[in-house]
Amino acid sequence: MSSSDLIDSRTINYSENFLTDETETQNDTEVELTAHEVIQRLEQAWMNELFAPELLQPQIEVVDCLLDQIKSAEENLENLDRGHFGIAIHKMELQRVRFMIASYLRLRLQKIQTQVHFLNKRSDDEINAILTTEEATFLRSHKKNIDNLFNKLALDHIPSRARNVKFSEFSASTTNASNEAPKPNLNATVFVKANEDVQGVFIEDEAGRGRDEEYDLEKDSQHVLRYKSVSHLVQSGAVKLI
């Protein structure tokens with residue numbers, strides 16, 4: 001028995017990144033997905049977030065959908081006879097889905113913590129694209145806590161003339177790379193699997209010798225590539241990280 005047997009199909013709203021040509025006349029549309037497809041989307045978002053060096057666009061509507069359905073399924077289980085043999089199996093499957101949701105959200109919070117200074121320098125539009133309202137609040141709160149910690153540990157114990165230094169601030173415009181906020185390592189090597197045929201993936205020659213090339217990915221093929229070469233394909237769903 002799988003989780004899809006417990007959770008009904010559900011209508012989910014997706015942004016125009018996931019839509020067809022209907023987005024030319026409206027900003028959002030509704031896509032009817034089966035329970036199995038919803039859980040697959042969560043699993044893929046979970047794996048992508050785990051292996052991607054950068055913070056990806058949130059799949060919160062999938063999370064909200066599954067949480068609602070889990071709540072409904074648990075209410076239905078309460079109406080079954082206590083001796084029903086399937087209750088334990090149902091509860092175990094629901095806990096499995098809950099674990100994936102919790103792990104996915106925890107991964108995103110961990111990335112926010114490790115990339116707090118980098119994210120804090122992003123524009124409002126960039127922040128709105130990759131963070132939910134709750135995550136943006138967490139980012140500001142975590143940044144403030146780090147500032148207060150540095151002040152209490154160091155700045156409060158040095159001469160007043162030196163207290164203008166703010167250790168948690170990095171200049172985004174400086175030419176000195178050592179003074180910039182740590183960035184996600186987009187050159188990290190990742191394993192990818194193509195969800196569809198992809199033509200012309202650009203592979204940059206890191207040695208700068210003009211040996212750049214384009215590579216075609218066949219559906220279901222697996223490759224080892226630098227993340228920055230496929231980052232846009234991960235966001236669009238053309239490939240997934242494994």
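Above this text you will find the structure in question.
Note that this is a predicted model, so its numbers are computed, not measured.

*Asks:* When you look at the nonpolar core in this model, what are you seeing that I'm missing?
*Replies:* Side chains that are nonpolar tend, in soluble globular proteins, to be buried together. Counting residues in hydrophobic clusters, the biggest one holds 19 residues, and the most contacted among them are Val38, Leu42, Leu66, Val97 and Ile101. Counting only elements with at least two residues in this core, the list comes to helix H1 (35-51), helix H2 (60-78) and helix H3 (87-114). Per-element accounting of this core gives the leading share, 7 residues, to H2. Leu225, Tyr227, Ala238 and Leu241 belong to the second largest nonpolar core, which has 17 residues in total.

*Asks:* Is there a simple way to explain unusual backbone geometry in this structure?
*Replies:* Negative phi values dominate among residues other than glycine, just as trans dominates among peptide bonds. Even without being glycine, aspartate 220 reaches a positive phi, approximately 75 degrees. In this fold, aspartate 220 is placed in the loop between strand E5 (213-217) and strand E6 (222-226).

*Asks:* Any chance you could explain a negative patch on the surface here in plain terms?
*Replies:* A cluster of acidic side chains, namely Glu196, Asp197, Glu214, Asp216, Glu218 and Asp220, defines a negative patch on the protein surface. For glutamate 218, the location among the structural elements is in the loop between E5 and E6. Glutamate 218 sits in the exposed class, given a relative accessible area of 58%.

About the thresholds
- Residues numbered from 1 in each chain as written.
- Predicted model: local features only at pLDDT ≥ 70, side-chain atom pairs only at ≥ 80, totals over all residues.
- Heavy atoms only, no water.
- Core = buried A, V, L, I, M, F, W, Y, C linked by side-chain atoms within 4.5 Å.
- Buried < 20%, exposed > 50% of the residue type's maximum accessible area, 1.4 Å probe, protein only.
- Helix = DSSP H or I, 4+ residues; strand = E, 2+ residues; numbered from the N terminus.
- Patch = residues over 30% accessible without salt bridge, like charges linked within 9 Å, V, L, I, M, F, W, Y side chains within 5 Å.
- Areas by Shrake-Rupley, 256 points an atom, 1.4 Å probe, with all protein chains shown as cover.
- Salt bridge = Lys/Arg side-chain N within 4 Å of Asp/Glu carboxyl O.
- Lys, Arg positive; Asp, Glu negative; His and termini not counted.
- Charge placed at Lys NZ, Arg CZ, Asp CG, Glu CD.

Interpretation in functional terms is not warranted from these geometric data alone.
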